[in-house]
Amino acid sequence: MKPNLATLPKPRLAVEFAGLKLKNPLMPASGTFGYGQEFAPYLDLNQLGAIVTKGLSLNPKAGNPTPRIAETVSGMLNAIGLQNVGVDAFIREKMPFLEQFDSPVIVNFFGNTQEEYGEVAARLNDVPGVAALEMNISCPNVKHGGIVFGTDPKAAFDVITMVRKRLSKPLIVKLTPNVTDIRITAKAAEDAGADAISLINTLTGMSVDVRTRKPRIANVIGGLSGPGIRPVAVRMTHQVVQTVKIPVIGIGGIMRAEDALEFLIVGARAVQVGTANFVDPNALQTILTDLESFCVEQGVEDINDLIGTLEL
Amino acid sequence: MRSEEKKHKMKNLQTIVLSNQEISPGYFRMRILAPGYKGTAHPGQFVMFRVRRSLPPLLRRPFGIFQIGSLPADCEGMPEKEFIELIYKVVGSGTEVMRELHHGDRIELLGPLGRGFEIDDVAGDKILVGGGIGLVPLYMLADSLADRSRTRLLIGGRSREDIITVTEFERLGVTSHVTTEDGSLGEEGLITRILERKLDKYPKAKVYSCGPMPMLRAVEAICSARKVALQVSLEALMACGVGACLGCVVKGREHSEQNPDYLCTCRQGPVFHSHELDWDRLEKSAEQGKSS
Ligand SMILES: Cc1cc2nc3c(=O)[nH]c(=O)nc-3n(C[C@H](O)[C@H](O)[C@H](O)COP(=O)(O)OP(=O)(O)OC[C@H]3O[C@@H](n4cnc5c(N)ncnc54)[C@H](O)[C@@H]3O)c2cc1C
Ligand SMILES: Cc1cc2nc3c(=O)[nH]c(=O)nc-3n(C[C@H](O)[C@H](O)[C@H](O)COP(=O)(O)O)c2cc1C
Ligand code: FES
């Protein structure tokens, strides 16, 4: 017989790591939730473990030409090109809205040089409502032939070290999966002083329209996200959890509560939900409700009892 | 009077299909139970449609709202049944799934979304120019115009199968003019020729248009040469429909690399005043817009 879920005590979902206190382990993934405001009509932002913003750069960024998105089997490709309003406009125009909520605000940022990364971090460091920074290192280093910071452990170490010096708030480093061994960049991030690691960013991919013989997105190559990438993301989260001592946030293809649980069981302290927000703006709310039901059904009183319980 | 989306009204509606009929080869008309749409949805707004819990296709599909109506309640004391109607052309994976839906099938709707047509209450000459399936958002527009005896619908398509629902427009009191490229219905040729003729006769008319990009470009060229006010409804690839993915952007008039002026089709559109857009640099991608 199914237990009557309504009468059982609610499970504790709160998690704590890297100086952050989250009501539950669920948050949106950067770039899939705008600046929060876009989703306020659909869900109560106070229910989120944290709010994660669109990636910000020093100056506003126009982004790529269109088409920028293409649906794939079980996922989508995007090459938005990190279009954003720039860090100063964010602080001025977007922060006042986000400050109304008691969910911690995690601001995602990036740069194209070490100096840019450092400068954006420094400007955000002084903003009261910002709980932590998430550093996207999947960006080309324009001073070094456009090699992506996150694919070169030395470059990653250097740029994270530089940001660390200018930032007293918690620093989450978000890894790119487009490397041969994710453990090496994870270690580099830890050694450079990251307080936590989040992964994965999108996998590079490409798709062709066979009738026009053109790439489906203008940028030719794009980032793959959505349910199709989840096994890759779970594998990498597992490997990183085994490698570093700092907390890990799992990201990639989470559509339902069960998907989030995969990451938690391999040892992620929290998860981010990306593409699912596009499919259903209530996705995070639904996942939260289902996560609670799962815990009740399975007799899990505290979600922390589930984290890192992978049976090998 | 521009129809901004009403925040408290926007929600993901889990609902059912009432009917789904093929009205012309490849064109379907779907009626969906949609409480809350009446009185809130404006002409030109759209919905993001999803076959409930279906995977694939992963993403929702955007569709204009053709009309809103209501049926008598099932029994006394119950509220009347509000519905919306979509008209869609089967073009790919998502619409292939949609064509198989029947009465009672469960689906999800997000909407009404976006900014619709700006309607002025002044009676005057109005010309609606539709290309193929592009006539969908024009029906609610026609219905809301003040003096329909001075409203003309110009509708163009490849062939007679592509000309749909014209009699319904006529029932609103609108005069219609049809062209087909193969001459199988109405006048042979492109609809823009009729537009020029009508503007010769009614030089102060306001023009509203929706259809494939090449047609919109031609309409824009004609209207801007004559300094005639034009609103267009654009199509764009959309993942979210709510302004979050930034996949649906078009370049605004003031756009430059240093001073980006990208407009979100889903939030700032899909209807734009033609002067808001940079017609020279509207991306080619928009020209993938299907049907004519
Ligand atoms: C605001 C708006 C209103 C629309 N109103 C209507 C309407 O009333 N009736 C109608 O038949 N069609 C309408 N369309 C176009 C409709 O969205 C596409 O025909 C539909 O998404 C095709 O889906 P598919 O899976 O069958 O095609 P596929 O080619 O398999 O789709 C693949 C992907 O491309 C996207 N896509 C393909 N064609 C278009 C297109 N022309 N515009 C935007 N996205 C596209 C799909 O959404 C999907 O993400 C509208 C589009 C927009 C943006
Ligand atoms: C449209 C889009 C925009 C994104 N923008 C950003 C961004 O600005 N910064 C960032 O670090 N990641 C960005 N991402 C990556 C996501 O945050 C996430 O890591 C990835 O999509 C995998 O998760 P998912 O499968 O749940 O979407 C973006 C993803 C998508 C689909
Ligand atoms: S469709 Fe996502 S921003 Fe417009």
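Note that the structure is a prediction, hence the values are computed from the model and not measured. (Residues numbered from 1 in each chain as written. Chains lettered and ligands numbered in written order. Predicted model: local features only at pLDDT ≥ 70, side-chain atom pairs only at ≥ 80, totals over all residues. Heavy atoms only, no water.)

Notes on the domain arrangement of chain B
Much of the literature gives interface size as the accessible area that the parts lose upon coming together. Residues and elements named next belong to chain B. The line we're drawing: Note that domain bounds follow an automatic or database assignment of domains. For any pair of parts, buried area is found by adding up, for both, the accessible area (1.4 Å probe) each one loses once the two are put together. Think of a salt bridge as a Lys or Arg side-chain nitrogen and an Asp or Glu carboxyl oxygen that are within 4 Å of each other. Each polar contact in these results corresponds to two N or O atoms within 3.5 Å; when the atoms are within protein, one needs to be able to donate a hydrogen and the other to accept it, and residues that are neighboring in sequence are counted only if both atoms are side-chain atoms. Numbering of helices and strands runs from the N terminus, with a helix taken as a DSSP run of H or I at least four residues long and a strand as a DSSP run of E at least two residues long. Just so you know the grouping, Ala, Val, Leu, Ile, Met, Phe, Trp, Tyr, Cys and Pro go in nonpolar, Asp, Glu, Lys and Arg go in charged, and all remaining residues, Gly too, go in polar.
Per the domain assignment, the segments making up chain B are domain 1 (11–113) and domain 2 (126–291). Between domain 1 and domain 2, the C-alpha centre-to-centre distance is 23 Å. Summing both sides of the interface, domain 1 and domain 2 together bury roughly 2000 Å²; the carbon and sulfur share of this comes to 72%. The largest contributions to the domain 1 side of the interface with domain 2 come from Tyr27, Pro43 and Phe66, which together make up 29% of the buried area. Along the contact surface separating domain 1 from domain 2 lie 1 salt bridge. Between Arg29 and Glu168 there is a salt bridge, with the nearest N and O atoms lying 2.8 Å from each other. There are 3 residue pairs in polar contact (both at pLDDT 80 or more) connecting domain 1 and domain 2. Elements with a contribution of two residues or more to the side of domain 1 that touches domain 2: β1 (11–24), β2 (27–33), β3 (46–51), β4 (61–64), β5 (67–71), β6 (81–89) and β7 (106–113). Here the side of domain 1 that touches domain 2 takes 3 residues from β6, the largest share from any one element. Residue classes in the side of domain 1 that touches domain 2 are distributed as 17 nonpolar, 5 polar and 3 charged.

Remarks on the sheet that holds β7 of chain B
Pairing between sheet strands relies on hydrogen bonds along the backbone, with the strands arranged either parallel or antiparallel. Residues and elements named next belong to chain B. Selection rule: When DSSP locates at least two bridges between a pair of strands, those strands are taken to pair. Here an axis means a line fitted to C-alpha atoms, over the contact stretch when the element is a helix, while the angle between two N-to-C directions is reported on a 0 to 180 degree scale.
Taken in spatial order, the 7 strands make up an open sheet running β4-β3-β7-β1-β2-β6-β5, and their pairing is antiparallel. Edge positions in the open sheet fall to β4 and β5, since each of these has one partner strand only. Across the sheet, the axes of successive neighbouring strands diverge by a mean angle of 40°, strand direction being ignored. Here 6 bridges tie β1 to β7, and the two strands are oriented antiparallel to one another. Bridge assignment links Lys11 to a residue of β7, and that residue is Gly111.

Some words on the sheet that holds strand β8 (residues 130–136) of chain A
Residue and element names in this part refer to chain A. Sheet architecture is open: 8 strands sit in the order β3-β18-β17-β12-β11-β8-β7-β4, paired in parallel fashion. Each end of this open sheet is capped by a strand with a single partner; those strands are β3 (26–28) and β4 (51–52). Alignment of strand β11 (residues 171–174) against strand β12 (residues 196–199), held across 3 bridges, turns out to be parallel. Bridge assignment links Lys174 to a residue of β12, and that residue is Ser198.

Section: the interface of chain A and chain B
Using the following cut-off: Note on definitions: a residue-residue contact is assigned when non-hydrogen atoms from the two residues lie within 4.5 Å.
Counting residues at the interface gives 32 residues for chain A, matched by 32 residues for chain B. For the pair chain A and chain B, the two sides together bury roughly 2700 Å², of which 63% comes from carbon and sulfur. On the surface where chain A and chain B come into contact, there are 1 salt bridge. A salt bridge links Arg61 of chain B to Glu71 of chain A, with the shortest nitrogen-to-oxygen separation between them at 2.8 Å. Our enumeration of links across chain A and chain B arrives at 7 residue pairs in polar contact (both at pLDDT 80 or more). Counting only elements with at least two residues in the side of chain A that touches chain B, the list comes to β5 (69–72), β6 (75–78) and α7 (276–279) of chain A.

Details of a negative patch on the surface
All names here are of chain B. Stated precisely, the cut-off is as follows: Residues form patches when they are more than 30% accessible in relative terms and have no salt bridge. Like charges link within 9 Å. Nonpolar side chains (Val, Leu, Ile, Met, Phe, Trp, Tyr) link within 5 Å. Only the protein chains shown count as cover for residues, and the accessible areas themselves come from Shrake-Rupley with a 1.4 Å probe. Note on charges: Lys and Arg go in the positive column, Asp and Glu in the negative column, and His and the chain ends are not counted at all. Here the site of a charge means atom NZ of a Lys, CZ of an Arg, CG of an Asp or CD of a Glu. Exposed residues in this analysis have more than 50% of their type's maximum accessible area, buried residues have under 20%, and partly exposed residues fall in between, with area computed by a 1.4 Å probe over protein chains only.
Together, Glu161, Glu181, Asp182 and Glu188 line one region of the surface with negative charge. Relative to the assigned elements, Glu181 resides in the loop between β10 (175–180) and β11 (187–188). For Glu181, a relative accessible area of 40% corresponds to the partly exposed category.

Description of the site of ligand 1
All names here are of chain B. The following threshold applies: Proximity criterion: a residue is near a molecule or strand once any of its heavy atoms comes within 4 Å of it.
Taken together, 21 residues form the shell around ligand 1, and within it Arg61, Pro62, Gly94, Thr95 and Glu235 come nearest. Gly64 is positioned such that a nitrogen or oxygen atom in its backbone is 2.9 Å from a nitrogen atom of ligand 1. Take Thr95: an N or O atom from its side chain is 2.4 Å from an oxygen atom of ligand 1. Protein contacts shield 85% of the accessible area of ligand 1, which totals 830 Å² for the unbound molecule. If you list the elements that add at least two residues to the shell around ligand 1, you get β4, β6 and α1 (93–99). Top contributing element to the shell around ligand 1 by residue count: β4, with 4 residues. Its residues placed into classes, the shell around ligand 1 shows 12 nonpolar, 5 polar and 4 charged.

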